[in-house]
Amino acid sequence: IRSLKDDGSEHVKGSWLWGRSLLVCGQVALALMLVTVTIFMYRAFNSRLTQGPGFRTEGLIFASFDPVLARYNDARAETFFRDIRERAAALPGVTSVSLASTVPMRTDNLQVAQIAPEGFTFAPGIESAVCPSVIVDEGYFDTTGIRIVEGRGFRATDDGHSPQVAIVNQRFVARYWPGQSPIGKRVNIRDVATPRTVEIVGVAADSRYFFIVEPQLEFMYFPHTQSPVSRRSLV
């Protein structure tokens, strides 16, 4: 009986040690996995910071205006924005001025377009996609330092009497027209209020729009003379 008891005791002790070893190994493996994930996240975050936001970050001043609050009608609001742009451009030290519906890293007055790029087939049951956008004037890209990598920027002649145009970013091209030039291609804007078709005239370099470490986003730019908004930011 004593021998059987001794054997039983040794067996129980061995199982307990084996279980403890498995627990320790599991904890070490989990710790290594967390460290590895943290390193990858840090490298990705640091890479985004190193790349920069994709627009000029020094020497910019922003100011937002909403003439509707002063009960301006559309005509008076346009005169107000034209005057304030000219007066800002005349200030000593100012080299470039622009007006936009919102500025980078701001979500107020954000524009969202319901889009259907021509030549692109969505998954069954899906007819369009949502794309963030901003409404800008012809000086926006020079002022913010966002590069036009293909095609052209907006012109003063892109007004209500000329064909509707838009500029897209590089991520937009890679998503909807990979390996193709987007210049001259068309995008159906399926907004409920003003559905229309725009022609792509330029491609802007990718940048950060809302947060410095955000994932790459498709983005569109529309000329303010074809898509007027009441509230604008002076850059």
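Draft legend 1. Helix H2 (residues 74-89), seen in detail. The end-to-end C-alpha distance of H2, which contains 16 residues, comes to 23 Å, matching closely the 22 Å that a straight helix rising 1.5 Å per residue would cover. Those residues of H2 that sit buried are Ala77, Phe81, Ile84 and Ala88. The buried residues of H2 occupy an angular sector of 70 degrees when the element is viewed end-on, so they sit on one face. In H2, the exposed residues that point more than 90 degrees away from the buried face are Ala75 and Arg87. Contacts made by the buried residues of H2 are with strand S1 (63-65), strand S2 (99-100) and strand S10 (232-234).

Draft legend 2. Fine view of unusual backbone geometry. The backbone phi angle of Arg71 is positive, close to 65 degrees, even though this residue is not glycine. Positionally, Arg71 belongs in the loop between S1 and H2. With relative accessibility at 78%, the residue Arg71 sits in the exposed group.

Draft legend 3. Representation of the layout of surface pockets in the model. Within this model, the largest pocket holds a volume of roughly 340 Å³. Gly59, Ile61, Val94, Ser96 and Val235 are the residues nearest the centre of the largest pocket, which is lined by 16 residues in total. Empty space within the second largest pocket amounts to approximately 220 Å³. Looking at the second largest pocket, the residues that line it are Glu78, Phe81, Arg82, Arg85, Glu86, Leu99, Asp137, Glu138, Ala156, His224, Thr225 and Arg232. The greatest single-element share of the lining of the second largest pocket, amounting to five residues, is contributed by H2. Among the residues forming the lining of the second largest pocket, the class breakdown is three nonpolar, two polar and seven charged.

Draft legend 4. Focus on the environment of Ile183. Along the polypeptide, Ile183 turns up in the loop between helix H4 (170-176) and strand S7 (186-189). Considering only alpha carbons, one finds Ile183 and Arg152, 31 residues apart in sequence, at a separation of 9.3 Å.

Draft legend 5. Summary view of the packing of aromatic side chains. Per the counting criterion, the structure on display carries 13 aromatic pairs. Consider the rings of Phe80 and Phe81, whose centres lie 5.4 Å apart with planes at 65 degrees: the pair is edge-to-face. We classify Phe81 as buried; its relative accessible area is 1%. With centroids separated by 4.8 Å and ring planes inclined at 85 degrees, the aromatic side chains of Phe120 and Tyr176 adopt a geometry described as edge-to-face.

Parameters at a glance
- In every chain, residue numbers begin from 1 and rise along the written sequence.
- For this predicted model, a pLDDT threshold of at least 70 governs which residues receive local features, and a threshold of 80 or more governs which side-chain atom pairs are given and counted, while totals over whole chains, interfaces and linings are taken from all residues.
- Just so you know, side-chain values use all the structure's heavy atoms and leave hydrogens and water out.
- Comment: elements are numbered from the N terminus, with helices defined as DSSP H or I runs of at least four residues and strands as E runs of at least two.
- A helix is expected to reach a length of 1.5 Å times the quantity of its residues less one.
- Under the scheme applied here, a residue whose accessible area is under 20% of the maximum for its type counts as buried, over 50% as exposed, and between as partly exposed, the area being computed with a 1.4 Å probe on protein chains only.
- By arc we mean the arc of the directions from the helix axis to the C-beta atoms, nothing more.
- Residue contacts are defined here by distance: any two heavy atoms, one from each residue, within 4.5 Å place the two residues in contact.
- A 1.4 Å probe that fits into a set of points on a 1 Å grid over the protein atoms alone but cannot get out defines a cavity; an open set with protein on both sides within 12 Å along at least five of seven lines defines a pocket, and lining residues are those with an atom within 4 Å of a point.
- Grid points are joined across faces, edges and corners, and a volume is the space filled by probe spheres set on the points.
- Side-chain classes are defined by residue name, with Ala, Val, Leu, Ile, Met, Phe, Trp, Tyr, Cys and Pro counting as nonpolar, Asp, Glu, Lys and Arg as charged, and the others, Gly among them, as polar.
- Aromatic rings from Phe, Tyr and Trp, with only the six-membered ring used for Trp, were paired whenever their centres fell within 6.5 Å, and each pair was classed as stacked if the ring planes differed by under 30 degrees, edge-to-face if by over 60, and tilted otherwise.

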